[in-house]
Amino acid sequence: MIVLLGLFALSGCAGTPDPLPVREELAPGVFLTLPQTQPFGPGVAATQLVEADYGTRRDRFQANIETSSQRFVLAMTVLSGPPLMTVEWHEGAVVVRRGVVPAVLDAERILADFMFVYANEQALRKAVSGGDLVMSGSGARRIFRNGELLVEAVQPDGNPWEGEARLVNFVYGYELSITSHSASPQ
């Protein structure tokens, strides 16, 4: 928690809270609606190494996640330490504190991808519209439309906050590889 509070202080002023629910486009005509309350449950504390590949570009950053029954905090930093962005999801809104992150990086979009990878099946079934959500017992979740695979995510076996996850957005041409280490039992 001290790390997250420090990141809040370093990352600058918060923007105006964005009221929820918010619909984010995962692919043309396919949406994920961020609900008013975070769908990950209480007691999550994890550190992640994220590699984002899009086109010929590859970026790496660290993310720290903490949840309570009413709040979700995602603090992203460059591996060398400067804060990129801190996102807090609580009380029906998303509050963003921007550090050195480019203005085009959208917090709600990050949360939609994060939710697609880590939310439970029930939350995803309520949130996804415009495409067919297919869940498998192996931790894979896919969105199809007219038989075409648009987005795919795979969680690690067992504790989703411990191990490697992957998200591929075939339409928008990017991939996220996420290695998580949990500080909390799940």
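About the criteria used
Residues numbered from 1 in each chain as written. Predicted model: local features only at pLDDT ≥ 70, side-chain atom pairs only at ≥ 80, totals over all residues. Heavy atoms only, no water. Pairing = 2+ DSSP bridges. Helix = DSSP H or I, 4+ residues; strand = E, 2+ residues; numbered from the N terminus.

Asks: What am I meant to see in the sheet that holds strand S9 (residues 128-129) here?
Replies: Within a sheet, neighbouring strands are paired by backbone hydrogen bonds and run either parallel or antiparallel to one another. Within the open sheet, the 3 strands sit side by side as S2-S3-S9. Their pairing is antiparallel. Looking at strand neighbours, the two that pair on one side only are strand S2 (22-27) and S9, the edges of this open sheet.

Asks: Looking at this structure, how should I read the sheet that holds strand S11 (residues 140-145)?
Replies: The sheet built from 11 strands is open, its strands ordered S1-S8-S7-S6-S5-S4-S14-S13-S12-S11-S10 with antiparallel pairing. Two strands in the sheet have a free side with no partner beyond their single neighbour: strand S1 (18-19) and strand S10 (132-135). Bridge analysis of strand S7 (residues 83-90) against strand S8 (residues 93-98) gives 6 bridges, and the strand direction is antiparallel. For threonine 86, the partnering residue across the bridge sits in S8 and is arginine 97.

Asks: Honestly, the environment of proline 83 in this entry has me stumped. Any pointers?
Replies: Structurally, proline 83 is set in strand S7. Expressed as a C-alpha distance, the spacing of proline 83 and valine 101, which sit 18 residues apart in the sequence, is 8.0 Å.

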